[in-house]
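Examination of the molecular architecture
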Amino acid sequence: MNKTLDDDIAYLLLDFTMERQAFYLKELAPYTNSNLSLNMLEIAFDNDPRFIWLSSLSPEPKLYITRRALCLHFAKLTINLAQKRRTRLCDTELASFMNDIRTDGNHWSTPPREAISFGEKLGFIGPAYTAGEYVFPLAHILSLTSPQKIEMAGNLLYRFAEADCPEIPSADLPARIIEEELSRYDARISYVVKEREGFLTGKKLTLEEIGNHLDITRERVRQIENKFWNTIKHPLNSLPFIQAMVYDIMARQGSLIVQSNTPEAHLRQFVAKCLNIPHTLLSHTNICVTGLSPGDMAMFYSPQWLSGEVDAQRMAARLDSSGKLTHISDDTQQVAQRLVNFVRDHLQRIEKVALALRSIGRPAHFSEVTEAYNSMFPDDPASEHNVHAMLGREKHGIVWIGVRGTYALIEWGYERPSTTLFQTVTEIVKKIYAETNQPVPFHVIVAEIGRYRKITRPASLTIAAHCNPDLRRVSKDSFVPASSAKETGEQISAEELDRILREFESGKIQ
């Protein structure tokens, strides 16, 4: 390709970088000639980092948009949502907003994945834990500030979007912004603030420690610190801190959590404090959550909320649907996992046994519960004997259902039988015999037992009928109350019972 042709393509690409809307490849046709083909232009646009190709599920021509225009679109959407105090959109709502960048009259039913990926990298948007929904971390944080600060953030984002090819801010940019801002203050004020916030040594010093170093009283240190905080209350002094917060979130691709006791955590906490944005340490963990108030976090630690939940996925779903945690999916999963770990660390063994039974989701023998328990809590293994003993206490909603070694949860609709199986079978026979004055066949007993117990072992029911001292067998497989039976009523031997059980298991007895 000759230099003239290269220059023509370069000038054409430069012209299109000023486009504010998406455009089709076919719109480049007027710029082609015998030397410059549409195919050559397609290759040039595909390889130019200033442009993004938005794919489509329908067989449409290629649709391009500049990174600058897409960044500006996300910036405007972020500010618009922050002003409306909205921080979440479903995919159809987002697609509707994305349609603003099209001029052809067509619409997306779902947002183009390339555009979403671009927004994720810059921290504008992220998938919520709930499928088909998206959260806007920057919009969430800005919505917690004043309208004036939202406007300042908007101007910042609009200027950021005007770059030819907007890039992710460097991770150290927020710290450099804060360092430069603090350098504007008196040296002693700057020193006090840095030591109080842990910027110098990574450890937050007390008023007394700083006073000893400066050879002043702790009260004087307090006055110096208060002078700084009173100064930054003025909205016009908020811009550097807005910049630091916005760039910090963008550099972390929308993440609103940081590891505690790190320089990043000290910086995030300080900036949040300057902007009066909640920033909470997740109790008993080592992460801090921005945009979540201590009051909201306290709810997550209430017994009603935790309720022995040890499944991270279920916990994440609850957090996401609570409306209290407006964070991208990765953040929500991290918070959920930390909460689950907290629950695990504070459970008594009997509570763990109840959770193991709940994880099975149906009545289970203690041996099966033991297997589930050891799978869930490998750091605190238990034997079948121990698990059986815990189940036998019938606490935390555990109940024996009348089958040997088998337990369920009351919340599933089960309850402990009020009578033994022998007594229940006797009651069934007496009731039916009184109504019909006829011997009660075994298959009728089988049909009736479900009204008294949800689960009954067939072999146990056979024994409860054939070996019941309060019943008499008057034919091969029919029974009457002992008080009504004739003296010739049949007694059953152990050998006969074995035969009956074999016939029952083979289906000969119905």
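The structure we're discussing is the one just above.
Reference entry: report on the structure contained in this document. Predicted, not measured: the structure shown is a model, and the values here were computed from it. (Residues numbered from 1 in each chain as written. Predicted model: local features only at pLDDT ≥ 70, side-chain atom pairs only at ≥ 80, totals over all residues. Heavy atoms only, no water.)

**Quick notes on the overall build of the protein chain**
Put simply, the rule is: The helix count covers DSSP runs of H or I at least four residues long, the strand count covers runs of E at least two residues long, and both are numbered beginning at the N terminus. Here the globule rule is a power law, 2.2 Å times the number of residues to the power 0.38, and the radius of gyration is based on C-alpha atoms. Relative accessibility thresholds used throughout: buried, under 20% of the residue-type maximum; exposed, over 50%; partly exposed, between the two (1.4 Å probe, protein chains only). Two residues form a contact once any of their heavy atoms are found within 4.5 Å. The positive count covers Lys and Arg only, the negative count covers Asp and Glu only, and His and the chain ends enter neither. Charged side chains are reduced to one point each, which is NZ for Lys, CZ for Arg, CG for Asp and CD for Glu.
Broken down by element type, the protein chain carries 24 helices and 15 strands. For 510 residues, the compact-globule estimate of 2.2 N^0.38 gives 24 Å, and the protein chain exceeds it by more than 25% at 36 Å. Summarising its shape, the C-alpha atoms of the protein chain cover approximately 115 × 80 × 35 Å along the three principal directions. Per-residue burial for the protein chain yields a buried fraction of 48% across its 510 residues. Intrachain contacts of the protein chain at a sequence separation of at least 6 include 61% that bridge at least 24 residues. Taken together, the 58 basic and 63 acidic charged side chains of the protein chain have centroids lying 5 Å from each other.

**Remarks on the sheet that holds strand S15 (residues 478–481)**
The condition that has to hold: For two strands to pair, DSSP has to find at least two bridges joining them. Between N-to-C directions, angles cover 0 to 180 degrees, with each direction set by a line fitted to C-alpha atoms, over the stretch in contact for helices.
Ordered in space as S13-S15-S14, the three strands form an open sheet in which the pairing is antiparallel. Every interior strand has two partners, whereas the edge strands, strand S13 (440–441) and strand S14 (471–475), have only one. This element, helix H21 (residues 421–436), spans S13, S14 and S15 of the sheet and lies at about 85 degrees to S15.

**A closer look at the side chain of Asp248**
Mapped onto the elements, Asp248 comes out in helix H12 (residues 239–251). By relative accessible area, which is 5% here, Asp248 ends up buried. Ignoring anything within four residues of it in the chain, the contact list for Asp248 reads Pro174 and Arg268.

**Observations concerning helix H22 (residues 442–449)**
An α-helical turn contains 3.6 residues, so a residue and the one three or four places further along point in the same direction. Our working rule: Along the arc lie the directions from the helix axis toward the C-beta atoms.
Phe442, Ile445, Glu448 and Ile449 are the residues of H22 that are buried. One face of H22 carries all of its buried residues, which in axial projection span an arc of 120 degrees.

**Overview of the packing of aromatic side chains**
Cut-off, in case you're wondering: Within 6.5 Å between ring centres, the rings of Phe, Tyr and Trp (the latter by its six-membered ring) count as paired, and their orientation is classed by plane angle as stacked under 30 degrees, edge-to-face over 60, tilted in between. Charge over a ring is defined by NZ of Lys or CZ of Arg lying within 6 Å of the ring centre and within 35 degrees of the ring normal.
Counted according to the given criterion, the structure contains 17 aromatic pairs. Ring plane angle 85 degrees and centroid distance 6.2 Å describe the contact between Phe23 and Phe51, whose orientation is recorded as edge-to-face. Taken together, the residues Phe23 in strand S1 (residues 23–24) and Phe51 in strand S2 (residues 51–54) connect sequence positions 28 residues apart. Each member of the pair, Phe23 as well as Phe51, is classed as buried. Ring centres of Tyr373 and Phe377 lie 5.4 Å apart, and the angle between their planes is 45 degrees; this geometry places the pair in the tilted category. An aromatic cluster is defined as three or more aromatic residues linked by ring pairs; in this entry it consists of Phe16, Phe23, Tyr31, Phe45, Phe51 and Tyr64. In this arrangement the basic side chain of Lys62 is found over the ring face of Trp53, its NZ or CZ atom lying 4.2 Å from the centre. Cation over ring: Lys454 sits above Tyr414, and NZ or CZ is 4.6 Å from the ring centre.

**Focus on the sheet that holds S2**
One open sheet holds the three strands; their spatial order is S1-S3-S2, and the pairing between them is antiparallel. Every interior strand has two partners, whereas the edge strands, S1 and S2, have only one. Alignment of S2 against strand S3 (residues 63–66), held across four bridges, turns out to be antiparallel. Following the sheet pairing, Phe51 is matched in S3 by Thr66. Against the sheet, helix H3 (residues 67–83) engages S2 and S3, with an angle of about 75 degrees to S3.

**Considering the pattern of salt bridges**
How we decide: Within this document, salt bridges are pairs made up of a side-chain nitrogen of Lys or Arg and a carboxyl oxygen of Asp or Glu, the two lying within 4 Å of each other.
Taken as a whole and assessed by the stated rule, the structure comprises 22 salt bridges. Of the charged contacts in the structure, one is a salt bridge between Arg416 and Glu394, with a shortest N-O distance of 2.3 Å. Of this pair, Arg416 sits in the loop between strand S12 (406–409) and H21 while Glu394 sits in the loop between helix H20 (384–392) and strand S11 (398–400), and the two are 22 residues apart along the sequence. According to the relative accessible area criterion, Glu394 is partly exposed, its value standing at 26%. The network of salt bridges with shared partners includes Glu42, Asp46 and Lys62.

**Some words on the nonpolar core**
Applicable threshold: Working definition of a nonpolar core: buried Ala, Val, Leu, Ile, Met, Phe, Trp, Tyr and Cys residues. They are joined through side-chain atoms within 4.5 Å.
Counting residues in hydrophobic clusters, the biggest one holds 74 residues, and the most contacted among them are Phe228 and Phe270. Of the residues forming this core, the biggest block, ten residues, is contributed by H3. Aside from chain neighbours lying at most four places away, what touches Phe228 is Leu182, Tyr185, Ile189, Val193, Phe241 and Phe270. Counting 39 residues, the second largest nonpolar core, distinct from the first, contains Leu292, Val353, Leu355 and Ala372.

**Side note on the side chain of Glu225**
Threshold: Here a polar contact means two N or O atoms within 3.5 Å. Within protein one must be a hydrogen donor candidate and the other an acceptor candidate, and residues neighboring in sequence count only if both atoms are side-chain atoms.
Inspection of the secondary structure assignment puts Glu225 in helix H11 (residues 218–231). A distance of 3.3 Å separates a polar atom in the side chain of Glu225 from a polar atom in the side chain of Arg196. If near-sequence neighbours (up to four positions away) are discounted, Glu225 is found in contact with Val192, Arg196 and Leu207.

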